[in-house]
Amino acid sequence: MKKDKEKLLIRNLGHSTFLVKKGNLTILTDPFLTSSAGGIKRTLPPPVSPEEVSPDLVFISHAHYDHLDLKTLKKLNGNFIIVTPENCKKVIRTGHEVIELKDFESTLIKGIKIIKTPALHNKGRNLLHSDTGVGGFIFEVDSLRFYFAGDTTFSCSFYEEILEKTLHIDFAMLPIGGFMPFPFRKFHQTPEEAVKGFKILKANYLIPIHFGTWHLFSFYLKKEKAVERLKTYSYICNLQDKVVIIEPGSSSTFEI
């Protein structure tokens, strides 16, 4: 008898908060499911409340308020483990187990192999916690390999190093927003650069993150036209079939 393919669900909960579910395993990235971060309101409301989410594993790419929202963390359901870059544990203090990883350090949690990757982004949360680290994560669910980049700007050598360390990625979850005004380019890549990074990684699918929900200056969300630019450039590169745009509040299902 032929075995039925198991479905993979990826849901965009807004900004960089994504839910990855396969079988009985649920992974949550950069939890931010409240109305504001750092006193700045979301443009789109969260599609679910924190209480409705029960992750097994939570990845936090860095301690900025829009990626590490303590109000969300405290309200999430379940006995989950949190994985972060260095020096973030002291910010969290929710009672959950927190595992800090250095660049390219690996660990195994609940059968999931995890590698912490670097990111080209600014460290720190506030004056009290100015040394919190930044990064992304490569994680394997069954035979599928995901790369959640967190926040990063672009460089060829950066993506080449990721490829060298991992060799193969199925789903590259790469940021495409937050690059305006121009000085923000120092910390955030453009949609076109996300596609360039995707090409370097030679991944199977590009899942854009970090768009359409929250910005330090909210009027730039529309001005950036991140999704439109991503569609245009991926078409120019003949990669439109490899780009899966999941709008905030929506989800995509893959039969793997």
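Chemist: Could you give an account of the packing of helix 3 (residues 156–166) against helix 4 (residues 191–201), naming the residues involved and the relevant values?
Modeler: In a packed pair of helices, the relevant descriptors are the angle between the two axes and the axis-to-axis distance. Packing of helix 3 against helix 4 leaves a shortest axis separation of 9 Å and a crossing angle of 35 degrees. Helix 4 is crossed by helix 3, and the crossing has right-handed handedness. Each of Cys156, Tyr159, Glu160, Ile162 and Leu163 in helix 3 lies in contact with helix 4, whose residues at this interface are Gly197, Ile200 and Leu201. Partitioned by chemical class, the residues of the contact of helix 3 with helix 4 number six nonpolar, one polar and one charged.

Chemist: Describe the layout of surface pockets, naming the residues involved and giving the relevant values.
Modeler: Remark: the empty space left among the atoms is shown by a probe the size of a water molecule rolled over them. Of the pockets and cavities examined, the largest pocket occupies roughly 390 Å³. Lining the largest pocket are 23 residues, with His64, Asp66, His188, Trp214 and Leu216 positioned closest to its centre. The class makeup of the residues in the lining of the largest pocket is seven nonpolar, twelve polar and four charged. When its volume is computed, the second largest pocket comes out at roughly 280 Å³. As for the second largest pocket, its lining consists of 14 residues, and the residues nearest its centre are Phe211, Gly212, Leu221, Lys222 and Lys225.

Chemist: Would you mind going over the pairing of strand 10 (residues 112–117) in detail, with residue names and values included?
Modeler: Among the six residues that make up strand 10, five are buried, leaving the element largely enclosed by the rest of the structure. Pairing between strand 9 (residues 106–109) and strand 10: four bridges, direction antiparallel. In the strand pairing of strand 10, Ser106 is matched with Ile115. Between the antiparallel neighbours strand 9 and strand 10 lie two residues, among them Lys110 with a positive phi of about 55 degrees. Strand direction decides the pairing type here: strand 10 and strand 11 (residues 136–141), joined by five bridges, are antiparallel. If you follow Lys113 over to strand 11, its bridge partner there is Glu140.

Chemist: Explain the side chain of Asp170 to me, using residue names and the numbers behind them.
Modeler: Topologically, Asp170 is positioned in the loop between helix 3 and strand 13 (171–175). Looking at Asp170, its side chain comes within polar contact range of the side chain of His168, at 3.0 Å. When neighbours within four sequence positions are excluded, Asp170 is seen to be in contact with Ser143, Leu144, Arg145, Ala203, Asn204 and Tyr205.

Chemist: Can you break down the nonpolar core residue by residue, with the values?
Modeler: Counting residues in hydrophobic clusters, the biggest one holds 28 residues, and the most contacted among them are Ile10, Leu57, Ile114, Phe139, Phe146 and Ile207. Beyond its immediate stretch of four places on either side in the chain, Phe146 contacts Leu8, Ile10, Val20, Phe137, Ile138, Phe139, Val141 and Phe171. In terms of nonpolar packing, the next biggest core, distinct from the first, is built from 26 residues, Ile115, Ile138, Leu206 and Ala226 among them.

About the thresholds
- Residues numbered from 1 in each chain as written.
- Predicted model: local features only at pLDDT ≥ 70, side-chain atom pairs only at ≥ 80, totals over all residues.
- Heavy atoms only, no water.
- Axes fitted to C-alpha atoms, helices over the stretch in contact; angles between N-to-C directions.
- Helix = DSSP H or I, 4+ residues; strand = E, 2+ residues; numbered from the N terminus.
- Left-handed = near helix turned anticlockwise from the far one by under 90°.
- Contact = heavy atoms within 4.5 Å.
- Nonpolar A, V, L, I, M, F, W, Y, C, P; charged D, E, K, R; others polar.
- 1 Å grid on protein atoms, 1.4 Å probe; cavity = no way out; pocket = protein on both sides within 12 Å on 5 of 7 lines; lining within 4 Å.
- Points joined across faces, edges and corners; volume = space filled by probe spheres on them.
- Buried < 20%, exposed > 50% of the residue type's maximum accessible area, 1.4 Å probe, protein only.
- Pairing = 2+ DSSP bridges.
- Polar contact = N/O pair within 3.5 Å; in protein donor to acceptor, adjacent residues only side chain to side chain.
- Core = buried A, V, L, I, M, F, W, Y, C linked by side-chain atoms within 4.5 Å.

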